[in-house]
Amino acid sequence: MSKIEDLPLIEKPREKAERFGIESLKDEELLAIVINSGTVGHSSLDIAKDILNDCRNLSSLINKPSLYFHRFKGLKKAKATTLLAVSEIAKRINEKQLFIKEENTAVTSDGLFKRYFYRLSAAAQEQLIIVILNKNKQIINESVLYHGDENNISINYRDILRLLMIHNGYYFYLVHNHPGGSFLPSEADIVFTEKIKAKSKHIRAELLDHIIISSNGYYSFLHEKLLKQYKKDENNENSY
């Protein structure tokens, strides 16, 4: 393992960035700059390569727990925290950009997948999120309904209905993740979706889709035709 200072000037990450621009750096070089320093016989560039060899790409670092980084030789607690902070910044920037883009447009299943992919696809625990929309199908509230063990979602239907009434929701989406990698719905997912779809009709709110996200993509109940849409009574559209 060589020291960064022993590398030719053109191969040193910081010097390379200054000379050719930050966009010229490889993933491991960018990561090495964030890590900043290594240990005896193991440079920051060596640590960066070890991490990428394990997780394969930078996007996989999002949602990695602190303990994950402690596995790598030369990466101390403070550096692990720095990597966590960078990942969280990237995640928030991505979500903010999507929020701004969608702020004045109708929300779609594909848009919500892109919006939540980085946050949910690599999450270690299962989460269930409700996205509440107004009559124009614009987001007016997003809330985490559940956060816990995989395949063990336990949520009171009344909690969902209460949120819809509080925010005067006209439409809503449900979004949750499968940490195991499969985005196919379980039997419990299907039953839960059917029940909340039926119950929400009583307060004149409509479930537009239930989206399941994994690291391999997403599943849409709507696209797979597991959700039957119904027509609202426009004369009583705001009555609960």
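As shown above, the structure is provided for reference.
Computed from a prediction, not measured in an experiment: that's the story for all the values here.

Undergrad: So what's going on with the layout of surface pockets? Which residues, and what values?
TA: Here the largest pocket defines a volume of roughly 310 Å³. The wall of the largest pocket is formed by 14 residues, among which Leu31, Leu58, Leu61, Val86 and Ala90 lie closest to the centre. Contributions of two or more residues to the lining of the largest pocket are made by helix 2 (27-35) and helix 5 (77-102). Per-element accounting of the lining of the largest pocket gives the leading share, five residues, to helix 5. Grouping the constituent residues of the lining of the largest pocket by class yields 10 nonpolar, three polar and one charged.

Undergrad: I'd like a rundown of helix 7 (residues 157-166), residues and numbers included.
TA: Turning to helix 7, its buried residues number three or more, namely Ile160, Leu161, Leu163 and Leu164. The arc that holds every buried residue of helix 7, seen down its axis, measures 160°, which confines them to one face. With respect to the buried face of helix 7, the exposed residues turned more than 90 degrees away are Arg158 and Ile166. On its buried face, helix 7 is in contact with strand 1 (126-133), strand 2 (139-148), strand 3 (171-177) and helix 8 (187-201). One side-chain oxygen at the N-terminal end of helix 7 lies 2.8 Å from the backbone nitrogen of arginine 158; it belongs to asparagine 156. Immediately beyond the C-terminal end of helix 7, within one or two residues, lies asparagine 168, with a positive phi of roughly 55°.

Undergrad: Before we move on, can you summarise unusual backbone geometry with the specific residues and values?
TA: Phi angles above zero are rare outside glycine, and asparagine 168 is one such case at about 55°. As for its placement among the helices and strands, asparagine 168 is situated in the loop between helix 7 and strand 3. We note that arginine 204 has phi near 60°; this positive angle belongs to a residue other than glycine. Of note, arginine 204 is situated in the loop between helix 8 and strand 4 (206-214).

Undergrad: Explain the pattern of salt bridges to me, and be specific about the residues and the numbers.
TA: Across all of its chains, the model carries seven salt bridges by this definition. In this structure, the salt-bridge partner of arginine 119 is glutamate 88, at a minimum N-O distance of 3.6 Å. Remark: glutamate 88 occurs in helix 5 and arginine 119 occurs in helix 6 (residues 109-120); sequence separation between them is 31 residues. Residue classification places arginine 119 among the partly exposed residues on the basis of a relative accessible area of 22%. We classify glutamate 88 as partly exposed; its relative accessible area is 22%. Its salt-bridge partner being lysine 114, residue aspartate 110 comes within 3.3 Å of it at the nearest N-O pair. Of the two residues, aspartate 110 and lysine 114 both sit in helix 6, four residues apart, roughly one turn of that helix. Taking the relative accessible area as the measure of exposure, aspartate 110 reaches 32% and is therefore partly exposed.

Criteria and cut-off values
Residues numbered from 1 in each chain as written. Predicted model: local features only at pLDDT ≥ 70, side-chain atom pairs only at ≥ 80, totals over all residues. Heavy atoms only, no water. 1 Å grid on protein atoms, 1.4 Å probe; cavity = no way out; pocket = protein on both sides within 12 Å on 5 of 7 lines; lining within 4 Å. Points joined across faces, edges and corners; volume = space filled by probe spheres on them. Helix = DSSP H or I, 4+ residues; strand = E, 2+ residues; numbered from the N terminus. Nonpolar A, V, L, I, M, F, W, Y, C, P; charged D, E, K, R; others polar. Buried < 20%, exposed > 50% of the residue type's maximum accessible area, 1.4 Å probe, protein only. Arc of directions from axis to C-beta. Contact = heavy atoms within 4.5 Å. Polar contact = N/O pair within 3.5 Å; in protein donor to acceptor, adjacent residues only side chain to side chain. Salt bridge = Lys/Arg side-chain N within 4 Å of Asp/Glu carboxyl O.

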